[in-house]
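Spelled out, the chains give:
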Amino acid sequence: MSNFRIAELTEGQDLIVFDGECILCSGFFQFMVTRDRRQRFRYASAQSPVGQRLYQQLGLPTGDFETNLVIIGERVHQRLDAFAAAMKTLPGLWPVLSLCRFLPGFVKDPLYHAIARNRYRLFGRAEACLIPDAGLRSRFLPEGF
């Protein structure tokens, strides 16, 4: 696989890559879509060709997606820092939640991993990956679902 620049895939827009089978992760996606009124973000599921390529290029597992990715510019955020970066972009009081990025790693990493490891058991798993309706399709990267 050849190297690529993230900006080439995102077409200059910010990007959220999420596990399309995880109910919690898909809920995060839906939360962001409804609140991202400026349509700052494009989206891709981790299971899509684009998602697989990004996870592989970043050295992340391509079969078990324990982190969503929030890419702003060319900076990739993972785990709780991804959530914080996304919250910081929203209007209203949501940016207050971005303060979680200041938690020390010995607090936020074990907390995040405990939820990530048990997300299917706690929140469920979809039988199939999310397929966006026609209205949402334009918000996804090509080959993003």
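Residues numbered from 1 in each chain as written. Predicted model: local features only at pLDDT ≥ 70, side-chain atom pairs only at ≥ 80, totals over all residues. Heavy atoms only, no water.

Caption draft 1: Local environment of the nonpolar core. Counting residues in each nonpolar core, the largest one holds 18 residues, and the members touching the most others are Ile-16, Met-32, Tyr-43, Val-70 and Met-87. Of all the elements in the fold, those that place two or more residues in this core are β1 (14-18), α2 (23-35), β2 (41-45) and α4 (79-88). Ranked by the residues each element gives to this core, the list is headed by α2, at six residues. (Core = buried A, V, L, I, M, F, W, Y, C linked by side-chain atoms within 4.5 Å. Buried < 20%, exposed > 50% of the residue type's maximum accessible area, 1.4 Å probe, protein only. Helix = DSSP H or I, 4+ residues; strand = E, 2+ residues; numbered from the N terminus.)

Caption draft 2: Structural context of the layout of surface pockets. Volume-wise, the largest pocket comes out at about 410 Å³. What lines the largest pocket is a set of 16 residues, and nearest its centre among them are Leu-24, Leu-80, Phe-83, Tyr-112 and Ile-115. Elements represented by at least two residues in the lining of the largest pocket include exactly α2, α4, α5 (105-117) and α6 (119-123). By residue class, the composition of the lining of the largest pocket is eleven nonpolar, two polar and three charged. Of the volumes computed, that of the second largest pocket is approximately 150 Å³. Around the second largest pocket, the lining residues are Ile-72, Arg-75, His-77, Asp-81, Ala-84, Ala-85, Lys-88, Thr-89 and Arg-101. For the lining of the second largest pocket, the elements supplying multiple residues, two or more each, are β4 (75-78) and α4. By residue class, the composition of the lining of the second largest pocket is three nonpolar, two polar and four charged. (1 Å grid on protein atoms, 1.4 Å probe; cavity = no way out; pocket = protein on both sides within 12 Å on 5 of 7 lines; lining within 4 Å. Points joined across faces, edges and corners; volume = space filled by probe spheres on them. Nonpolar A, V, L, I, M, F, W, Y, C, P; charged D, E, K, R; others polar.)

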